[in-house]
Amino acid sequence: QVQLVESGGGLVQAGGSLRLSCAASGIISNIYVMGWYRQAPGKQRELVATITGGESTNYADSVKGRFTISRDKAKNTVYLQMNSLKPEDTAVYYCNRIGSYGPLIWGQGTQVTVSS
């Protein structure tokens, strides 16, 4: 069974850091483009960072220079290092596959709350 499990969220003060993890099981995620999304209350889910199988990365303007996406192929895991967090980064964060194969079943996400 294919499963994505996000973890690492929490409550942090503005300016702080968190590292999110997305562990994939039932599928070798390393060959796919993977992305981190976030959804704030009352807003649509937005894509914030992507990483290809060749480890090329791309970021939304709102997080560029503050967030870093990476992957550990041996662990079948994708990470999101978030620095200089702002209250507007508060959201539930999800990871998923991107591209022509379509998304996998969404995980439960991990809550990130940034206090001012």
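Structure shown above.
The present account deals with the structure reproduced in this document. (Residues numbered from 1 in each chain as written. Predicted model: local features only at pLDDT ≥ 70, side-chain atom pairs only at ≥ 80, totals over all residues. Heavy atoms only, no water.)

## Some remarks on the overall build of the chain
For clarity, the cut-off: Strands are runs of DSSP state E lasting at least two residues, helices are runs of H or I lasting at least four, and both sets are numbered from the N terminus onward. The buried label goes to any residue with under 20% of its type's maximum accessible area, the exposed label to any with over 50%, and the partly exposed label to all in between, with areas taken from a 1.4 Å probe on protein chains only. Contacts: residue pairs with any heavy atoms within 4.5 Å of one another. Computed with a 1.4 Å probe, the accessible areas rest on the Shrake-Rupley method; for each residue, only the protein chains presented here act as cover. His is not counted here, nor are the chain ends, while Lys and Arg score as positive and Asp and Glu score as negative. Charge coordinates come from a single atom per side chain, which is NZ of Lys, CZ of Arg, CG of Asp or CD of Glu.
When helices and strands are tallied, the chain shows zero helices and ten strands. Secondary structure of the chain in N-to-C order comes out as β-β-β-β-β-β-β-β-β-β. On the principal axes, the C-alpha backbone points of the chain span a range of 40 × 25 × 25 Å. Per-residue burial over the chain gives 45% buried out of 116 residues. Of the contacts formed within the chain by residues at least 6 apart in sequence, a portion of 53% connects residues at least 24 apart. Accessible area of the chain: about 6,000 Å², with a carbon and sulfur share of 50%. Each charge class in the chain can be summarised by its mean position, and for the 11 positive and 7 negative side chains these summaries are 3 Å apart.

## Side note on the environment of Q13
Following the sequence through the fold, Q13 ends up in strand β2 (residues 10-13). On the accessibility criterion, Q13 (61% relative accessible area) is exposed. Taking the C-alpha atoms as reference points, Q13 and I69, separated by 56 residues in sequence, lie 21 Å from one another.

## Some points on the pattern of salt bridges
This is how it is decided: Here, a salt bridge means any side-chain nitrogen of Lys or Arg that lies within 4 Å of a carboxyl oxygen of Asp or Glu.
Evaluated as defined, the whole model comprises four salt bridges. The salt bridge involving E46 is made with R38; its shortest N-O contact spans 2.7 Å. Connected through salt bridges with shared partners, the residues R38, E46, R66 and D89 form a single ionic network.

## Looking at the state of the cysteines
Selection criterion: Pairs of cysteine sulfur atoms within 2.5 Å are what we label disulfides.
Counted under the stated rule, the structure contains one disulfide. A sulfur-sulfur separation of 1.7 Å characterises the disulfide bridge that pairs C22 with C95. On the sign convention where negative is left-handed, the bridge of C22 and C95, at about 55° about the S-S bond, is right-handed. Highlighted residues: C22 in strand β3 (residues 18-25) and C95 in strand β9 (residues 91-98), separated in sequence by 73 residues. Classification of C95 by relative accessible area gives buried; the value is 1%.

## Looking at the pairing of strand β5 (residues 46-51)
For a regular strand, the rule is simple: side chains alternate between the two faces of the sheet. For clarity, the cut-off: Only strands joined by at least two bridges in the DSSP assignment are considered to pair.
Across five bridges, strand β4 (residues 33-39) lies against β5 in antiparallel orientation. Note on β5: the bridge partner recorded for R38 is E46. Count of turn residues in the β4/β5 antiparallel hairpin: six residues, of which G42 carries a positive phi of about 75°. Relative to strand β6 (residues 57-59), β5 is paired through three bridges, and the arrangement is antiparallel. Within β6, the residue paired with A49 across the bridge is Y59. The antiparallel hairpin formed by β5 and β6 contains five residues in its connecting segment, where E55 sits at a positive phi of about 70°.

## Brief notes about the nonpolar core
Test applied: Here the nonpolar core consists of buried residues drawn from Ala, Val, Leu, Ile, Met, Phe, Trp, Tyr and Cys, with membership extended through side-chain atoms lying within 4.5 Å.
Counting residues in each nonpolar core, the largest one holds 29 residues, and the members touching the most others are W36, I69, L80, M82 and Y93. Of all the elements in the fold, those that place two or more residues in this core are β3, β4, β5, β7 (67-72), β8 (77-82), β9 and β10 (110-115). Broken down by element, this core gets its largest block of residues, four residues, from β3.

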